[in-house]
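Chain residues, written in single-letter form:
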Amino acid sequence: MHELFDEAAFQRELAGSGPHPIGLFKDYLAQGSENLRRRFEDEEEISNLVALRARLVDFVLRQAWGLFLADAPDTALLAVGGYGRGELLPHSDVDLQILIHIDDSPHCPAIGEFLTFLWDIGLKVGQSVRTLQQCDEEARKDVTVITNLTEARLLAGDEALFRGLQRLADPRNMWPPAAFFRAKRDELVQRYQRYDNSISALEPNIKTSPGGLRDIQTVAWVAKRRFGGETLHDLVAHEFLTEREYLALVEGQNLLWENRFALHLLADRAEDRLLFDYQRTLAAHFGFTDAPHSLGVEQFMQRYYRTALQISRLTGRLLQLFEEDILLADQPALVEHLNRRFNSRNGYLEVVHDAVFQRHPFALLELFHLLQQHPELKGVRATTERLIRQSLTLIDERFRNDLRTRSLFMEILRHPDHVSRELRRMNRYGVLSAYLPAFGNIVGRMQYDLFHVYTVDEHTLLVVRNLIRFADPRYAEECSLCHAVMKTLPKRELLYLGGLFHDIAKGRGGDHSKLGAGDARTFCKRHHLSDYDANLVAWLVEKHLVMSMTAQGKDINDPEVVTAFAREAGDLTRLNYLYLLTVADIKGTNPEKWNSWKAALLRTLYSAAKTTLLRGLQSAPNQDEVLQEKQYRAFSILQEKGYEHDRVVALWFQLSIEYFLNHSALEIAWQTRQILNADRDRLPLIKVRTPPDRSGTEIFLFTRDYDNLFAITTALLNQLGLNIVQARVETADDGYTIDSYQVLEGDGTAVASVQRNAEIIDYLSRSLARPAQVDLSVPLYISRKIKAFSVKTRLEAQIDRKLHRTILELTTTDRPGLLAIVGQAFAETGVRLYQARIATIGATAQDSFFVTDLENGPLSDATLERLSHLLCQRLDA
């Protein structure tokens, strides 16, 4: 053990120490750990360090065993699990199996003292104490137990007991290769499902995520059970791996070990998740620095994702080879001829001979089209997949210019079934990046924020999948309007191309929408699409963010905003394509951030723009026409309900033009009814309603206006656990206020029950009746993830001269109770709110407020300065 500390010195000190030398063991463990840390920082080979850590623990355990159980016959100490393989990271669990001869062994007290001692000296031990019979019973019923025992290694004690365990765990006695393989394959499938079958989680687990170390371990376990080998290189001899694939697997394992080793040192505990808290520090440790178009942390994570993808590919290929060797070896091969280049063998597509791709390069695309045409096929045979990977160099400019390959690619996009599945397979095999080199740039590329929860390639393929689902009746309920609009598209493949190219230029510098539009136009022309189709796809890519930004960042009740957006679309066909791509894009960016409110905003903007386009842009209504139409429709509804003309007009005369512009005719009629029916001696009046489309829940408040009302109301809604997505505040000329809050529950859904409605009304009524007693304090808790992306508060202002008000744009770190803090600042600086639009992009709140001073005019420079100072002081504290 001279490599990490002086073994002889340790034993001399041990000989002269007392019966329980905890301090001595702790000191030498610390010394060995520190030496490992220094050697890691000196960039020593990671496989050597992982083995050294295991040997360090071996030495310590043997010395400790000698203190407590040196004279204990019929007892053995075994290393199992990763420790049994001789692999330990700085804070990995030390998994032990202690074998005893009989259940009630006289050595049990000493074993207890031994294990306590291990914890006292700082080892995190996972242990089991069993007889051979108990091992037999547990291993037969639990594949994880037999897996551990397969890797058992004798550290100290009775060698005969250990040999007995080896005989017991032999595949001829229990868990033969076929049963073991099925169990481990099922484990892998279930593990992948826990991670949504994706390698691109924002905070991946180096050990258990798809493409992580557990994939490599699964291969090694099956190989050992099948062949009895001790190393992955044995699979080369058995022709399951090529030498090149073996080296790639080892290289991937070493990179994951390096990341995990550094992570353990940084966290100072057994942390296997690449949390946001650590990603920047790790990126810097491994030498990644910010570049003009890519953060160092993004480069670091891209290397991880590409490594995980490669490991996952190799693992899948090996498991299929194991299936053929272990499960299907004794079964007659079922071979069906598909064409001159491909067969089906036992349900998997395979080439008819190994030279197919060399002789017919276009077959590298043809196979994906065949998989669409033959849904009965389960996939591609592992040997054929290997040939695909080895033949990727054939996909060059000559290949891309071949009319057959161009036609095949478009046929894949035009096929009615499995477009998304085959694009994913093309990406997995590396074919998509080879055919579209620009796509290769985004493979594994992360965006360091909480908004984009997938790598760019994964997000892109999810967007295409979402687009395809819009046409599928099975998913019609997810977005009925999308399903209806999809039916009207003349060429769906143009929409899929828009999805495929919309983010393809990310990370290249400049405006990715414009750069991507250029790529899309070039692709379309190369694939012989008409000028009209090429221009449509390019326009769709260039404008793919416009609808989202308009719906979430502008006042879509303003006819000028709608007209400007409709003019950007130009015609109904483009509007239809853009609407579908926008919905698919947002849903594919972060499913947790997609909610009924965003769906309603896009639906409203789409419907308004469609109406404008059908009328004709030259006939788009102006503000006065919109106002008159809304009032006419609202009054017609009220008249049918029996409300007198004079009462309605008297109320409406107290309200501003903005009130009528910001509400639909149905909303105006409903709110007018509530106000006219209200007993003004029993205010506040509070109503809660959820529309049939469940786009959100409206909380309506009518009461006499007073200072701090907005701050108080938002604080109360925060205490109720409601997220405010829009606020509209109207103060009438007679001193009453009409407030409307669109809210969602914490899970992004509308308020769902009568009981919850009653709870909200009761809590708000009681609290607003005694405003002075309301606790306006807001918890300053910010989640761990959001802390990693803290944003410096910024307040920008512009004057809306048409409406004589100020539009404030607040950018800050999102947190619970943000609007309550803003409301208090408004009250303290004499700012009157008319409308708030709430938008959250990952960890960043980007909220818009339409405000005036107390004299109903734009804010002065002095007020803006005070307000900005106050918000920065409170939000950046």
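Data block above holds the structure.
Residues numbered from 1 in each chain as written. Predicted model: local features only at pLDDT ≥ 70, side-chain atom pairs only at ≥ 80, totals over all residues. Heavy atoms only, no water.

Right, let's get into the overall build of the protein chain. A count of helices and strands for the protein chain gives 40 helices and 17 strands. A total of about 38,100 Å² of accessible surface is found on the protein chain, and carbon and sulfur atoms cover 48% of it. Computing the positive centroid from 104 side-chain charges and the negative centroid from 117, the protein chain places the two 4 Å apart. (Helix = DSSP H or I, 4+ residues; strand = E, 2+ residues; numbered from the N terminus. Areas by Shrake-Rupley, 256 points an atom, 1.4 Å probe, with all protein chains shown as cover. Lys, Arg positive; Asp, Glu negative; His and termini not counted. Charge placed at Lys NZ, Arg CZ, Asp CG, Glu CD.)

Here the focus is the sheet that holds strand β1 (residues 75–79). Adjacent strands of a sheet pair through backbone hydrogen bonds, lying either parallel or antiparallel. Strand order in the open sheet formed by four strands is β3-β2-β1-β4, with mixed pairing between adjacent strands. A single partner strand is all that each edge strand has here, and the edge strands are β3 (125–130) and β4 (153–157). This sheet shows a mean twist of 25° between the axes of neighbouring strands, independent of strand direction. Strand direction decides the pairing type here: strand β2 (residues 94–100) and β3, joined by six bridges, are parallel. Opposite Ile98, over in β3, you have Val129 as the bridge partner. Packed onto the sheet, helix α3 (residues 46–69) meets β1, β2 and β4 and runs at close to 30° relative to β4. (Pairing = 2+ DSSP bridges. Axes fitted to C-alpha atoms, helices over the stretch in contact; angles between N-to-C directions. Contact = heavy atoms within 4.5 Å.)

Two elements in contact, helix α16 (residues 363–373) and helix α19 (residues 403–414), have axes whose closest approach is 9 Å; the angle formed by their N-to-C orientations is 30°. With respect to α19, the element α16 is oriented roughly parallel. Considering the relative orientation of α16 and α19, their crossing is left-handed. Contacts between α16 and α19 involve Leu365, Glu366, Phe368, His369 and Gln372 from the first element and Thr405, Leu408, Phe409, Glu411 and Ile412 from the second. Considering only residue class, the contact of α16 with α19 consists of five nonpolar, three polar and two charged. (Parallel < 35°, antiparallel > 145°, perpendicular 65-115°, else oblique. Left-handed = near helix turned anticlockwise from the far one by under 90°. Nonpolar A, V, L, I, M, F, W, Y, C, P; charged D, E, K, R; others polar.)

Moving on: unusual backbone geometry. Geometrically, the link from Leu683 to Pro684 is a cis peptide bond, its omega value of 10° lying close to zero. Mapping Pro684 onto the fold places it in the loop between α35 (665–677) and β9 (685–689). In this structure, Asn856 is a non-glycine residue whose phi angle is positive, near 65°. Mapped onto the elements, Asn856 comes out in the loop between β17 (844–853) and α40 (861–875).

Let us now look at the nonpolar core. Counting residues in each nonpolar core, the largest one holds 220 residues, and the members touching the most others are Leu61, Phe114, Phe322 and Phe357. Element by element, the count of residues in this core is highest for helix α14 (residues 296–327), at 15 residues. Apart from the residues within four sequence positions on either side, Phe114 is in contact with Leu61, Ala64, Trp65, Phe68, Leu69, Leu77 and Ile98. Core analysis: the next-biggest nonpolar cluster, separate from the first, contains 43 residues, Leu701, Leu720, Leu722 and Leu764 among them. (Core = buried A, V, L, I, M, F, W, Y, C linked by side-chain atoms within 4.5 Å. Buried < 20%, exposed > 50% of the residue type's maximum accessible area, 1.4 Å probe, protein only.)

Here we come to the environment of Phe288. Mapped onto the elements, Phe288 comes out in the loop between α13 (276–285) and α14. For the pair formed by Phe288 and Gln299, sequence separation is eleven residues and the distance between their alpha carbons is 6.8 Å.

What follows concerns the state of the cysteines. The tally for this structure, following the rule as stated, stands at zero disulfides. Of the cysteine sulfurs around Cys108, a residue in no disulfide, the closest is that of Cys135, at 13 Å. (Disulfide = S-S within 2.5 Å.)

Turning to helix α8 (residues 159–168), a few remarks are in order. Three or more residues of α8 are buried, namely Leu161, Phe162, Gly164, Leu165 and Leu168. All buried residues of α8 fall inside an arc of 155° around its axis, so they share one side. Set apart from the buried face of α8 by more than 90 degrees, the exposed residues are Ala160 and Arg167. Buried residues in α8 make contact with β1, β2, α6 (132–141), α7 (143–150) and β4. Among the residues of α8, the N-terminal cap falls to Asp158, whose side-chain oxygen and the backbone nitrogen of Ala160 are separated by 2.8 Å. (Arc of directions from axis to C-beta. Polar contact = N/O pair within 3.5 Å; in protein donor to acceptor, adjacent residues only side chain to side chain.)

Per the counting criterion, the structure on display carries 28 aromatic pairs. Note on Phe399 and Tyr435: the rings are 6.2 Å apart at their centroids and 80° apart in plane angle, and the pair reads as edge-to-face. Linking Phe399 in helix α18 (residues 397–401) with Tyr435 in helix α21 (residues 431–435), this pair joins segments that are 36 residues apart in sequence. According to the relative accessible area criterion, Phe399 is buried, its value standing at 5%. For Tyr435, a relative accessible area of 3% corresponds to the buried category. Members of the aromatic cluster, joined through ring pairs, are Phe10, Phe25, Tyr28, Phe59, Trp65, Phe68, Phe114 and Phe117. (Phe/Tyr/Trp six-rings, centres within 6.5 Å; stacked < 30°, edge-to-face > 60°.)

Looking now at the side chain of Lys598. Mapped onto the elements of the fold, Lys598 is located in helix α31 (residues 596–615). Here Lys598 is buried and forms no salt bridge, its nearest opposite-charge partner Asp814 lying at an N-O distance of 10.0 Å. Those residues in contact with Lys598 that sit more than four places away from it in its chain are Gln552, Ile586, Lys593 and Thr840. (Salt bridge = Lys/Arg side-chain N within 4 Å of Asp/Glu carboxyl O.)

This part is about the side chain of Arg53. Among the secondary structure elements, Arg53 is positioned in helix α3. It is Asp93 that comes nearest to the buried, bridge-free Arg53 among opposite-charge side chains, at 9.5 Å. With near-sequence residues (within four places) excluded, Arg53 lies in contact with Ser33, Leu36, Leu88, Leu89, Pro90 and Leu123.

Let's shift gears to the environment of Ala839. Summarising the element assignment, Ala839 is placed in the loop between β15 (831–837) and β16 (840–841). Residue class for Ala839 comes out buried when judged on its relative accessible area of 8%. Residues Ala839 and Ser344, 495 residues apart in the sequence, show an inter-C-alpha distance of 52 Å. Discounting chain neighbours no more than four positions away, the residues touching Ala839 are Gln552, Thr844, Ala845, Gln846 and Asp847.

With that out of the way, let us pick up the pattern of salt bridges. What the rule picks out here adds up to 52 salt bridges. Glu34 is the salt-bridge partner of Arg38, the closest N and O atoms lying 3.5 Å from each other. Within this pair, Arg38 and its partner Glu34 are both found in helix α2 (residues 22–41), separated by four residues, close to a single helical turn. Owing to a relative accessible area of 41%, Arg38 belongs among the partly exposed residues under this scheme. On the basis of relative accessible area, Glu34 is assigned to the partly exposed category, the value being 28%. Each of Glu34, Arg37, Arg38 and Glu41 takes part in salt bridges that share partners, so that together they form one network.

Spatially, the four strands line up as an open sheet ordered β5-β6-β7-β8, and their pairing is mixed. Only two strands of the sheet have a single partner each, and these edge strands are β5 (335–337) and β8 (379–380). Bridging between strand β7 (residues 348–351) and β8 involves two bridges; their strand directions are parallel. Within the sheet, the bridge partner assigned to Leu349 lies in β8 and is Val380.

Attention now goes to the environment of Glu667. Checked against the element boundaries, Glu667 lands in helix α35. Judged by its relative accessible area of 16%, Glu667 falls in the buried class.

Running from N to C, helix α20 (residues 419–429) and helix α23 (residues 456–470) point in directions that differ by 165°, and their axes come no closer than 9 Å. Between α20 and α23, the angle falls in the class roughly antiparallel. Pair α20 / α23 crosses with right-handed handedness. Contacts between α20 and α23 involve Val419, Ser420, Leu423, Arg424 and Asn427 from the former and Asp457, Glu458, Leu461, Leu462, Val464, Arg465 and Ile468 from the latter.

With eight of nine residues buried, strand β11 (residues 723–731) lies mostly within the body of the structure. In terms of strand pairing, β11 meets strand β12 (residues 736–744) through eight bridges, oriented antiparallel. By the bridge assignment, Thr731 is partnered in β12 with Thr737. Remark: four residues form the turn of the hairpin made by β11 and β12, two consecutive strands paired antiparallel; Gly735 in that turn has positive phi of roughly 90°.

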